[in-house]
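# Tertiary structure, described
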Amino acid sequence: MMFCRGKRLSLPLPLTSRYCTTCSDPPKATSFDLGVEDGFHKINLSYPGLQLVRRCPHIFLVQNFFSSTECQRLLHKAAYEPESMKPAGVFTRDGHNRLPVRTSSQCICPQAEVPALIRKIVALPDCTRRQLEACQIIRYQEGEFFKLHGDYSTSGTRSSAGFVNSSRLATLFVYLNDIQQGGETEFPNASPPLKISPKQGLAVLHFPARLDRCSDARRTRHQSLPAIDEKWIFATWLWSEERSSDAKTLHEIGRGYTHVWPESYDTLSPDAALHLLESMSGCRLRPDVVSCNSVLTSCGRGFEWRRAVQLLRTMQTLEEPRPDLVSFNTALAAVANSFGLRV
Ligand SMILES: O=C(O)CCC(=O)C(=O)O
Ligand SMILES: [Fe+2]
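Residues numbered from 1 in each chain as written. Chains lettered and ligands numbered in written order. Predicted model: local features only at pLDDT ≥ 70, side-chain atom pairs only at ≥ 80, totals over all residues. Heavy atoms only, no water.

Going by what an unreviewed UniProt entry lists, the protein chain is known as P4H1 protein and is assigned to Symbiodinium necroappetens. Quoted verbatim from the Cofactor (unreviewed entry) field of the UniProt record, the comment on the protein chain reads "L-ascorbate". (UniProt positions renumbered as here; feature names shortened; annotations may be inferred.)

Right, here's the structure in full:
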């Protein structure tokens, strides 16, 4: 198979089927150009600490991709709003998990709230922020799992993640805590099979599809084995085309997936952001707290503190979306920014 004949990569791969996280001399990716050679998304091979642990299919690790402080902050964030953790899976109307493929819970982590992490992420697969699917913080409690699956997904003209005519090309997840037992990520079809023990800050990158959007599901199929210790990860997926932030397109996609929007907030003027918020309502898309917080941020950047405070007041009078801690902090920062103060 052409993909496996990458002869230019000279460094050895680990001989054991289980990757040794204490290995003192891990293999490093060198001049092998994944994108050009194999038709997969190109990545930044000079990324500090990048290790190629499997060639067939390509699986990369980066130790300490997130610092322990960054991991702690994400864990704290999820713990602070436990009600935002939603069970993963496909549910029937009566709340039963129709396809018990996964039993974890997750919450969305808006890009706007983790700008430093997003900068790190886009530097690794060398992509734009808008190619990233909404980031998730995922929790596996004891016994929870994610059965064997491929991450390949193609939107056609509609995608719940906000992408139009796009496909997932890469998956990046980062373990947020150290695990003593259970919860390993397993790639049974990798050659040789790979089992990764979660380690705080360790990033795992793989490629569920080629640039021509053909799935590589057979080789990249993977699973999270049942957790024994509680396991937390941060995950995002790279798509071939940027996601849409256009209200009309979002309307066509349907069902108020407003978390797809915030990535564009910092490039929008307060006028444009408020206009987008209004047009969402016009399209019967219900803005959520993340959309509103994004507009508050735009107002702050545009020194429009009055509009920020007005929006916050409006949110306080609504049943939905209720302002959260981020709303208040963002409005406060908007006022401070307008007067040249620091909060
Ligand atoms: O939790 C893991 O180890 C894998 C997660 C995963 O496969 C996914 O979120 O798509
Ligand atoms: Fe996956």
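Counting secondary structure elements, the protein chain contains 9 helices and 12 strands. The buried share among the 343 residues of the protein chain stands at 51%. Taking contacts inside the protein chain between residues at least 6 apart in sequence as the whole, the part at least 24 apart equals 72%. (Helix = DSSP H or I, 4+ residues; strand = E, 2+ residues; numbered from the N terminus. Buried < 20%, exposed > 50% of the residue type's maximum accessible area, 1.4 Å probe, protein only. Contact = heavy atoms within 4.5 Å.)

The environment of ligand 1 is made up of Ile-138, Tyr-140, Phe-146, His-149, Asp-151, Thr-185, His-222, Ser-224, Lys-231, Ile-233 and Trp-237. Asp-151 is positioned with one of its side-chain polar atoms (N or O) 3.3 Å from an oxygen atom of ligand 1. Between Thr-185 and ligand 1, the recorded distance is 2.5 Å, taken from a side-chain N or O atom to an oxygen atom. Protein coverage of the free-state accessible area of ligand 1, which is 290 Å², stands at 98%. Secondary structure elements with two or more residues in the shell around ligand 1: β5 (135–140), β6 (146–149), β11 (222–224) and β12 (231–239). Sort the elements by how many residues they give to the shell around ligand 1 and β12 lands first, with 3 residues. Looking at the shell around ligand 1, its residues break down into 5 nonpolar, 4 polar and 2 charged. (Near = heavy atom within 4 Å. Polar contact = N/O pair within 3.5 Å; in protein donor to acceptor, adjacent residues only side chain to side chain. Areas by Shrake-Rupley, 256 points an atom, 1.4 Å probe, with all protein chains shown as cover. Nonpolar A, V, L, I, M, F, W, Y, C, P; charged D, E, K, R; others polar.)

Turning next to the pairing of strand β2 (residues 58–62). Across a regular strand the side chains alternate sides, sitting on one face of the sheet and then on the other. By the criterion of burial, β2 is predominantly enclosed, with 5 of the 5 residues buried. Burial along β2 is two-sided: His-58, Phe-60 and Val-62 and Ile-59 and Leu-61, pointing in opposite directions, are all buried. Pairing analysis gives 5 bridges linking strand β1 (residues 50–55) to β2, with the strands arranged antiparallel. Within β2, the position partnered with Leu-52 by the bridge is Phe-60. (Pairing = 2+ DSSP bridges.)

Moving on, we get to the pattern of salt bridges. Counted according to the given criterion, the structure contains 8 salt bridges. Arg-210 serves as the salt-bridge partner of Asp-212, at 3.8 Å between the closest nitrogen and oxygen. According to the relative accessible area criterion, Arg-210 is partly exposed, its value standing at 28%. (Salt bridge = Lys/Arg side-chain N within 4 Å of Asp/Glu carboxyl O.)

Looking now at the nonpolar core. If you look at the biggest cluster of nonpolar residues, it comprises 39 residues, and the most contacted ones within it are Phe-65, Phe-66, Leu-74, Ile-137, Leu-176 and Phe-234. If near-sequence neighbours (up to four positions away) are discounted, Phe-66 is found in contact with Cys-71, Leu-74, Leu-117, Lys-120, Ile-121, Val-174, Leu-176, Gly-201 and Phe-234. If you look at the next biggest cluster of nonpolar residues, it comprises 20 residues, including Ile-59, Leu-61, Leu-194 and Ile-233. (Core = buried A, V, L, I, M, F, W, Y, C linked by side-chain atoms within 4.5 Å.)

Protein coordination at the iron ion (ligand 2): the donors are His-149 (NE2), Asp-151 (OD) and His-222 (NE2), at 2.1 to 2.2 Å from the metal. Counting gaps between the donor residues of the iron ion (ligand 2) yields the pattern H-x1-D-x70-H. Taken together, the residues Asp-151 in the loop between β6 and β7 (168–175) and His-222 in strand β11 connect sequence positions 71 residues apart. Accessibility expressed as a relative area gives 5% for Asp-151, which makes it buried. (Donors = N, O, S within 2.8 Å, 3.2 Å for Na, K, Ca; no water.)

What follows concerns the side chain of Thr-220. Locating Thr-220 in the fold gives a position in helix α4 (residues 217–220). When its relative accessible area of 1% is taken as the criterion, Thr-220 is described as buried. In this structure Thr-220 touches Pro-57, His-149, Phe-187, His-206, Phe-207 and Pro-208, once residues within four positions along its chain are discounted.

Our next topic: the sheet that holds β12. Taken together, 8 strands build an open sheet; the order of strands is β1-β2-β10-β7-β12-β5-β4-β3 and the sheet is antiparallel. Edge positions in the open sheet fall to β1 and β3 (86–87), since each of these has one partner strand only. Examined bridge by bridge, β5 and β12 share 5 bridges and lie antiparallel to one another. Its bridge partner lying in β12, Ile-137 is registered against Phe-234.

In this structure, Gln-63 sits in the loop between β2 and α2 (68–80). Looking at Gln-63, the relative accessible area reads 16%, which means it is buried. A distance of 3.0 Å separates the side chain of Gln-63 from the side chain of Lys-199, its partner in a polar contact.

The subject of this paragraph is the environment of Ala-336. Inspection of the secondary structure assignment puts Ala-336 in helix α9 (residues 325–338). A C-alpha to C-alpha distance of 8.4 Å links Ala-336 and Gly-300, two positions 36 residues apart in sequence.

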